[in-house]
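Structure assessment
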Amino acid sequence: MGYSERPKGAILLGLLLLTLAEIVVGRFVVEKNSLRVISPDSIKGTHDSAIGNFGIPQYGGSMAGTVVYPRDNRKGCKNFDDSGISFKAKAGALPNFVLVDRGDCFFALKVWNAQNAGAAAVLVADDLDEPLITMDSPEEDGASARYIANITIPSALIDKSFGEKLKKAISGGDMVNVNLDWREAVPHPDDRVEYELWTNSNDECGVKCDMLMEFLKDFKGAAQVLEKGGYTQFTPHYITWYCPQAFTISKQCKSQCLNHGRYCAPDPEQDFSTGYEGKDVVLENLRQLCVFRVANETKKPWVWWDYVTDFQIRCPMKEKKYNKECAEQVIHSLGLDLKKIEKCMGDPEADSENPIGKGSRGDVTILPTLVVNNRQYRGKLGKGAVLKAICAGFEETTEPSVCLGGDVETNECLANNGGCWEDKAANITACKDTFRGRVCECPVVNGVQFKGDGYRSCVETESLSLLVDNEEGKCTCPPGFKGDGVNSCEDIDECNEKKACQCPECSCKNTWGSYECACGGDLLYIRDHDTCISKTTEVKSAWTAVWIILIGLALAAGGAYLVYKHRLRSYMDSEIRAIMAQYMPLDSQNEVPNHVGEDRA
């Protein structure tokens, strides 16, 4: 409910919610996000908080901040400027999360007043020990509609006991730092998101209907891109009421219901004597549901978005065109099969259940409601906010390109650098805008990773490992760096200080802890001699050396062969002489050794 005080008197429980074709008892679902206390240690831990149904929750992301409990106007029902209170964070400090007490005014008004005073988020502490509820926006009148539509910060309700712990820590002088985390608010199991829109075709129900119709027109393009690419599976739903059996023949039930009181909707003008009746709304809801079914059968479910936006433009209640004839004109213009749609709708006067659809979600009690991966969306029904929630439903790194476009850019880094660390002199910031929300992460600059919390400080990780101990136990800078080794070590610019790469043909480039030297043309840099030599000369010299070695090997082989051949011939000659000497002694030989019998027994 929108008002932070509980309504007096009886609560109407007689109306049971149902989907077309199946009656289900309604129950209210409270969607939660994680709130983790980082400091002080005395209250450190993780707590549940209920996401407010207005503003823009950072689905898929998280936000760190310091909790502030105002000294005055602690329920946040008045403008904080009147008390001279500002919640704007100082440069380099964490953003401020304002803690206010429940009571006396609408939840949305509390958040609006805190936002105007510079708050980055709002925590509302309950005033009773009870289960968490969803902080909904009120039934808007003209005044509340203006500020509700402009709430851009997230909000959450916390239970009474946790709120008391925060107040006690703050009053004791502790700095209370917390982290609001929406990363698990929407499940992201795979590369396809399934989402539903629980809606109504009535365009004369006030500000909420205007907001819904505006959303349908704005979101149509993104929805169709996601559906055509196979990234999402979308299903529309419509909520109706039933008329108690004892009153089905009453004038009120007959004017508001179809199928003998089974499917009903409130009178659009809240006047039974004039204008459109509730059953006209139910009939158009049924038609839109059948348009989706027929379009889905033709593998073009995205045509539903064309029909509902065209019907809204061409057949408004204000112009008395909210009727069957106008609807059929829209159907024909989109090339849909009218007979199939009429068959799907069945007989609205029959005393029987309508066969279309089987729904069992009885936990939708707020219209309109978006359900992403089986979790109810909470927050402003705007294109960028909803697209961010859907994109958060994709498994990380599987998001389609539409999730990386300008529609989901938060641009939170533009204001006060998003509360993140920055080095203005070096033009370096830790703030990054993503569709998952603003993130304060130390950056990587020119290959150098900075390290820190991203909010107060970021330092170069390399500088943390530069200092080394020498044999004397003193800290000194390693080669390529200069400094005292204790307070600092700075990279030596070898190029500008002319300590290297000084040959005429050299070009020098300084790098982290070293330098790079290159030579132009066919020249090769020799680091040890700080000079350039010709690659062509080096190649020619190398081939000359190779040929010399090959020729040397060839000559050695040839000489070895000649020696071998000479010795073999001499051996053979001696053998022949020995054999022949047995038969005819030679004149030049008195005694010839007998090699044939040598070494024999």
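Predicted model only: the values in this text are computed from it and were never measured.

**Structural notes on unusual backbone geometry**
- Ser 39 connects to Pro 40 through a cis peptide bond whose omega is 5°.
- Position of Pro 40 among the secondary structure elements: in the loop between β3 (32-39) and β4 (45-51).

**Observations concerning the state of the cysteines**
- In total, this model carries eight disulfides according to the counting rule given.
- Each sulfur in the disulfide pair Cys 243 and Cys 253 lies 1.5 Å from the other. Residues Cys 243 and Cys 253 share a disulfide whose torsion about the S-S bond is about 40°; that sign makes it right-handed. Taken together, the residues span a long stretch of sequence, with Cys 243 in the loop between β11 (232-241) and α5 (251-256) and Cys 253 in helix α5 at a distance of ten residues.

**Considering the side chain of Asn 73**
- Turning to its location among the elements, Asn 73 is positioned in the loop between β5 (62-68) and β6 (96-101).
- For Asn 73, a relative accessible area of 8% corresponds to the buried category.
- Among the polar contacts made by the side chain of Asn 73, one reaches the main-chain carbonyl oxygen of Lys 78 at a distance of 2.6 Å.
- Beyond its immediate chain neighbours, meaning those up to four positions away, Asn 73 contacts Lys 78, Asn 79, Phe 80 and Ser 83.

**Quick look at the nonpolar core**
- Tyr 195, Phe 219, Trp 304 and Ile 390 are the most contacted members of the largest nonpolar core, which totals 85 residues.
- With nine residues, helix α6 (residues 278-297) is the largest single contributor of residues to this core.
- Contacts of Ile 390, omitting those with residues within four sequence positions, involve Val 193, Tyr 195, Phe 219, Leu 226, Thr 232 and Val 372.

**Here's the deal with the packing of helix α4 (residues 207-228) against helix α7 (residues 303-314)**
- Direction vectors running N to C along α4 and α7 enclose 150°, while the axes themselves pass 10 Å from each other. On the basis of the axis angle, α4 is roughly antiparallel to α7. In this structure, the crossing between α4 and α7 has a hand that is left-handed. Two secondary-structure elements touch here, α4 through Met 213, Glu 214, Leu 216, Lys 217, Phe 219, Lys 220, Ala 223 and Gln 224 and α7 through Trp 304, Trp 305, Asp 306, Thr 309, Gln 312 and Ile 313.
- In terms of residue class, the contact of α4 with α7 is built from seven nonpolar, three polar and four charged.

Definitions and cut-offs
Residues numbered from 1 in each chain as written. Predicted model: local features only at pLDDT ≥ 70, side-chain atom pairs only at ≥ 80, totals over all residues. Heavy atoms only, no water. Helix = DSSP H or I, 4+ residues; strand = E, 2+ residues; numbered from the N terminus. Disulfide = S-S within 2.5 Å. Buried < 20%, exposed > 50% of the residue type's maximum accessible area, 1.4 Å probe, protein only. Polar contact = N/O pair within 3.5 Å; in protein donor to acceptor, adjacent residues only side chain to side chain. Contact = heavy atoms within 4.5 Å. Core = buried A, V, L, I, M, F, W, Y, C linked by side-chain atoms within 4.5 Å. Axes fitted to C-alpha atoms, helices over the stretch in contact; angles between N-to-C directions. Parallel < 35°, antiparallel > 145°, perpendicular 65-115°, else oblique. Left-handed = near helix turned anticlockwise from the far one by under 90°. Nonpolar A, V, L, I, M, F, W, Y, C, P; charged D, E, K, R; others polar.

The values reported here are purely geometric and, on their own, carry no functional implication.
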